[in-house]
Amino acid sequence: MTVLDTRPTTPLGFVSLEITSSCQLTCPGQCYADAGPTGGHGSMTTADWYRVIDGLPALGTKTVQIIGGEPTLHLDFADIVGYALRAGLAVRVYSNLYRVRAKHWSLFEDPRVSVATSYYSDDADQHDAITGRPGSHAKTRASIVKAVRRGVDVKVAIIDHGNGQRAEEARIEMEALGVTVSVDKVRAVGRAAGGLLPSPSSLCGRCGDGKAAILPDGRVSVCEIGRFLAVGNVRETPLASVLSSSEWAQARASVPARTSADPCGPDCGPSDDSSSGGGTCGPMDN
């Protein structure tokens, strides 16, 4: 017997648009999206993204998150952000901040735009080992400092892999810079699954609850971390129709409901737009 989701349906307040799988980093033990230097932008065209954005206000969406991969590597990144702003949406950009172009700093300074990034350790070698890119610690940290100085609304997610990672020291360091910080444990999804099939028990339990993610090929997922629970395709079917389908209800129902009131930080999902500014959100199997 097929079990459908019987939880109340909430407006689709937050949508992540994963516009590319290209990234300067490889994050060999973590990346949920299997992104990297050889990743492409997928089959969604810029016109496809515009069409999706056009339909979001009617679904109750207030904020879109532009993610990747590294979203700033998409040639039309700034145009997509600008289009969302003109549609009346707030925009969060989830970037590794490895390299920020001058034209993007002015975009990030827009009060309707916020920026989120991941940071792993106050120790450069440890951070770089996690990202798979030597020098990434220095560049990301310098960008965080610059963002604070320029008045950019920036949040940092620290993903703790354990095994002696200096996650707590990183949290203290970032808070000393005046940055809002959340801490999460690495989840067994994507490269972090070590070749095993991902499990819904690794998710926070809020996936699909007033949020969704659209992947580079147009499939609709309950969130960007829960990308293995994707249904439909906005290149073929309007997003509203996907969200009203029995397949979407089944995908939502497959995520174990979380009873804790703890908010999810911006990398638990990155789609957390709670006023609390993040927090600890352990996976269901912890």
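These numbers were taken from a predicted model, which means no experiment stands behind them.

Asker: Describe the confidence of the model for the chain, listing the residues and the values that go with them.
Answerer: Taken as a whole, the chain shows an average pLDDT of 85; of its residues, 83% reach a score of 70 or greater. In this model, residues 1-8 is a region of pLDDT below 50 whose contacts with residues beyond four sequence positions or in other chains number 16 contacts. Note on residues 269-286: pLDDT is under 50 here. Beyond four places in sequence and across chains, it has 68 contacts.

Asker: If you had to explain the sheet that holds strand β9 (residues 230-231) to someone new, which residues and values would you point to?
Answerer: Ordered in space as β6-β5-β4-β3-β2-β1-β7-β8-β9, the nine strands form an open sheet in which the pairing is mixed. Two strands lie at the open edges of the sheet, namely β6 (180-185) and β9, each paired on one side alone. One ladder, built from six bridges, connects strand β4 (residues 113-119) with strand β5 (residues 153-160); its direction is parallel. Directly across from Thr117, in β5, lies its bridge partner Val156. Where helix α6 (residues 167-176) meets the sheet, it contacts β4, β5 and β6, and its direction lies at approximately 170° from that of β5.

Asker: Lay out the environment of Leu239 with the relevant residues and their values.
Answerer: Secondary-structure assignment places Leu239 in helix α7 (residues 239-243). Separated by 27 residues in sequence, Leu239 and Ala212 have C-alpha atoms that sit 10.0 Å apart. In this view, Leu239 contacts Leu12, Leu56, Leu59, Ile214, Val220 and Val234; residues no more than four positions away in its chain are not counted.

Asker: Explain the pairing of strand β1 (residues 14-18) to me, and be specific about the residues and the numbers.
Answerer: A large share of β1 lies buried, amounting to five of its five residues. Taking every second residue as pointing to the same face, both faces of β1 are buried, with Phe14, Ser16 and Glu18 on one and Val15 and Leu17 on the other. Note that β1 and strand β2 (residues 63-67) share five bridges and pair parallel. Its bridge partner being in β2, Glu18 is matched across the sheet by Ile67. Tracing the backbone out of β1, into helix α1 (residues 46-55) and back to the parallel element β2 gives a crossover that is right-handed. In this sheet, strand β7 (residues 211-214) lies alongside β1 in parallel orientation, the contact comprising four bridges. When the bridges of β7 are listed, Ser16 appears paired with Ala213.

Thresholds, definitions, all that
- Residues numbered from 1 in each chain as written.
- Predicted model: local features only at pLDDT ≥ 70, side-chain atom pairs only at ≥ 80, totals over all residues.
- Heavy atoms only, no water.
- pLDDT = per-residue confidence, 0-100.
- Contact = heavy atoms within 4.5 Å.
- Pairing = 2+ DSSP bridges.
- Helix = DSSP H or I, 4+ residues; strand = E, 2+ residues; numbered from the N terminus.
- Axes fitted to C-alpha atoms, helices over the stretch in contact; angles between N-to-C directions.
- Buried < 20%, exposed > 50% of the residue type's maximum accessible area, 1.4 Å probe, protein only.
- Right-handed = clockwise from strand over helix to strand, strands pointing away.

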